[in-house]
Amino acid sequence: MKRWFGRRLPLFILALIAVLYVHFEWDVGRLSGLLPAAARRRLPSGFRSPRAVTAVTPESRATTAAPGRRRASGLRLEDIFISVKTTGRFHGTRLALLLKTWISTTKTHTFIFTDTDDDHLKAEGYNMVMTSCSPDHSQQALACKMAAEYNGFLASDKRWFFHVDDDNYVNGEALVATLAAFPQDGDIYVGKASLYKPITAHELMEGNQTREVKFWFATGGAGFCLSRRLAHKMSPWARGSRFQETSAKIRLPDDCTVGFIVEDRVGVPMVHCPLFHSHLENLMLLRRASIPHQVTLSYGLLEDKLNSVELKGSFSKEEDPSRSAKSVGQSLSNHEKKKCTLESGSRPCTACYTR
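How each quantity is defined
Residues numbered from 1 in each chain as written. Predicted model: local features only at pLDDT ≥ 70, side-chain atom pairs only at ≥ 80, totals over all residues. Heavy atoms only, no water. Helix = DSSP H or I, 4+ residues; strand = E, 2+ residues; numbered from the N terminus. Buried < 20%, exposed > 50% of the residue type's maximum accessible area, 1.4 Å probe, protein only. Areas by Shrake-Rupley, 256 points an atom, 1.4 Å probe, with all protein chains shown as cover. Arc of directions from axis to C-beta. Disulfide = S-S within 2.5 Å. Axes fitted to C-alpha atoms, helices over the stretch in contact; angles between N-to-C directions. Left-handed = near helix turned anticlockwise from the far one by under 90°. Contact = heavy atoms within 4.5 Å. Nonpolar A, V, L, I, M, F, W, Y, C, P; charged D, E, K, R; others polar. Parallel < 35°, antiparallel > 145°, perpendicular 65-115°, else oblique. Phe/Tyr/Trp six-rings, centres within 6.5 Å; stacked < 30°, edge-to-face > 60°. Lys NZ or Arg CZ within 6 Å of the ring centre and 35° of its normal. Salt bridge = Lys/Arg side-chain N within 4 Å of Asp/Glu carboxyl O. Core = buried A, V, L, I, M, F, W, Y, C linked by side-chain atoms within 4.5 Å.

Draft legend 1. Region of the structure containing the overall build of the protein chain. Helix and strand counts for the protein chain stand at 13 helices and 14 strands. Counting over 355 residues, the protein chain shows a buried share of 48%. Of the roughly 18200 Å² of accessible surface on the protein chain, a fraction of 55% belongs to carbon and sulfur atoms.

And the structure:
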């Protein structure tokens, strides 16, 4: 008996090691096929999901995004429908700051959606889109403007839809570099969540019933992007007046409604990207060296204190209280010599992921 056990003990140990190894490989997500094929298609090359990491093979190395691969998409800033949401009372303040800074370089393909006619801005050649929406900040008014933005994009020939608010600074070069890293014919919804978990909503159903739904959404205050293919798939719930109807069903504002349609209705996960920023986060924590890589910045009040990026430049806080327009523009201009985005080969959005 002892002799029989001694001969089989090494085989038993080898079998146990093999079982433990397979179990470990399964846990860390390196076995092929662990990540669903649909999810793999949605993630651009070089982007990772926190839930799983696909195996690295010679074939996958060959298809990983290389420095020149983004430019191979041929994406230009002119291919992006830049949509700015504003209201009449901010034409002379928030909007005026944007017109003097980043919009001055994107004028032809930036569309300003407002609720107040402005003959002066029209005469200056800006693409002013007068909506019939209320000037207040209600769920209905916000959904009304987003519907106008979405329908405006569908009527255009642009490849990407990019929404921002009138308190955002847009870095066009970083925007192009980020979107060029995605499959141009894919279903892409990219932005930054303002919550640490999916939002919970209760969709109104027939017979006064409700259905609990959970989904991620990209906060409109940081800006978000939709690919044309995905935007078309949203049509049954967003085209024409349907966007407002969908918003009313979940009783949530515009950016939440976009997330609901994309994730719950179309079934495409949001891509979370830390390069988009709103006034809801502490912007003073952004490192100065990283600012040229950010897609959007913002400003506002946080805990009754001015919340903006910290920059040193020719403009004082009195001249540029937002620290997100003149000073940032100057910082990006000074940084241009370093070729920090498209031409350097750095991948600005490698931290993007789905959940």
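Next comes the rest of the description.
Draft legend 2. Broad picture of helix H11 (residues 242–250). Along H11, the positions that sit buried rather than exposed are Phe243, Thr246, Ser247 and Ile250. All buried residues of H11 fall inside an arc of 100° around its axis, so they share one side. Following H11 by one or two positions, Arg251 has its phi on the positive side, about 55°.

Draft legend 3. Fine view of the state of the cysteines. Scanning all chains against the criterion turns up one disulfide. Free of any disulfide, Cys225 has its nearest cysteine sulfur in Cys273, 8.9 Å distant.

Draft legend 4. Seen up close, the packing of helix H7 (residues 139–154) against H11. Relative to each other, H7 and H11 sit at 145°, their axes nearing to 8 Å. Where H7 crosses over H11, the handedness of that crossing is right-handed. Of the residues in H11, those in contact with Gln139, Ala143, Cys144, Met146 and Ala147 of H7 are Phe243, Gln244, Ser247 and Ala248. Taken together, the residues that form the contact of H7 with H11 break down as six nonpolar, three polar and no charged.

Draft legend 5. A look at the packing of H11 against helix H12 (residues 254–266). Here H11 crosses H12 at 95°, and the two axes come no closer than 9 Å. When the interaxial angle is binned, H11 and H12 end up roughly perpendicular. Of the residues in H12, those in contact with Phe243, Thr246, Ser247 and Ile250 of H11 are Asp254, Cys256, Thr257, Val258, Phe260 and Ile261. Counted by class, the contact of H11 with H12 contains six nonpolar, three polar and one charged residues.

Draft legend 6. How the structure looks around the packing of aromatic side chains. For the coordinates displayed, the defined rule picks out 10 aromatic pairs. Relative to Phe113, the ring of Phe81 has its centre 6.4 Å away and its plane inclined at 50°; by these criteria the two rings are tilted. Taken as a pair, Phe81 in strand E1 (residues 80–85) and Phe113 in strand E2 (residues 110–114) lie far apart in primary sequence, 32 residues in all. With respect to class, Phe81 is no different from Phe113; both count as buried. On the numbers, 5.6 Å between centres and 50° between planes, the contact of Phe153 with Phe161 is tilted. As far as burial versus exposure is concerned, Phe153 and Phe161 are alike and both buried. A connected cluster of aromatic rings, assembled from ring pairs, spans Phe81, Phe111, Phe113, Phe153, Phe161, Tyr189 and Phe224. Here Arg94 stacks its cationic end above the ring of Phe90, 4.1 Å away from the centre of that ring. Above the face of the Tyr126 ring, Lys107 is positioned so that its terminal group lies 4.6 Å from the ring centre.

Draft legend 7. A look at helix H8 (residues 172–180). Within H8, eight of the nine residues are buried, leaving the element largely enclosed by the surrounding structure. Within the sequence span of H8, burial applies to Gly172, Ala174, Leu175, Val176, Ala177, Thr178, Leu179 and Ala180.

Draft legend 8. How the structure looks around unusual backbone geometry. The phi torsion at Asn208 lies on the positive side, around 60°, for a residue other than glycine. Residue Asn208 is classed as exposed on the basis of its relative accessible area of 71%. Notably, Arg251 is not glycine yet its phi reads approximately 55°, a positive angle. Relative to the assigned elements, Arg251 resides in the loop between H11 and H12. On the basis of relative accessible area, Arg251 is assigned to the partly exposed category, the value being 45%.

Draft legend 9. Molecular detail of the pattern of salt bridges. Applying the stated criterion to the full structure yields 14 salt bridges. Ionic pairing is found between Arg94 and Asp166, a salt bridge with its closest N-O pair at 3.0 Å. Note that Arg94 is positioned in helix H5 (residues 94–100) and Asp166 in the loop between strand E4 (160–165) and strand E5 (168–170), a separation of 72 residues in sequence. Judged by its relative accessible area of 4%, Asp166 falls in the buried class.

Draft legend 10. Inspection of the nonpolar core at higher detail. Counting residues in each nonpolar core, the largest one holds 40 residues, and the members touching the most others are Ile80, Trp102, Phe162, Leu175 and Val190. For this core, the secondary structure elements donating two or more residues are E1, H5, E4, E5 and H8. The biggest single contributor to this core is H8, with five residues. Residues contacting Trp102, with those up to four places away along its chain left out, are Ile82, Val84, Thr110, Val164, Asn168, Tyr169 and Val170. In this structure, Phe111, Tyr150, Tyr189 and Cys256 belong to the second largest nonpolar core, which totals 35 residues.

Draft legend 11. Structural view of the environment of Phe243. Its location among the elements puts Phe243 in helix H11. Take Phe243: its relative accessible area is 1%, and that puts it in the buried class. Between the C-alpha atoms of Phe243 and Asp254, which are 11 residues apart in sequence, the distance is 8.6 Å. The residues contacting Phe243, other than those within four sequence positions of it, are Ala143, Met146, Ala147, Trp237, Ala238, Asp254, Thr257, Val258 and Ile261.

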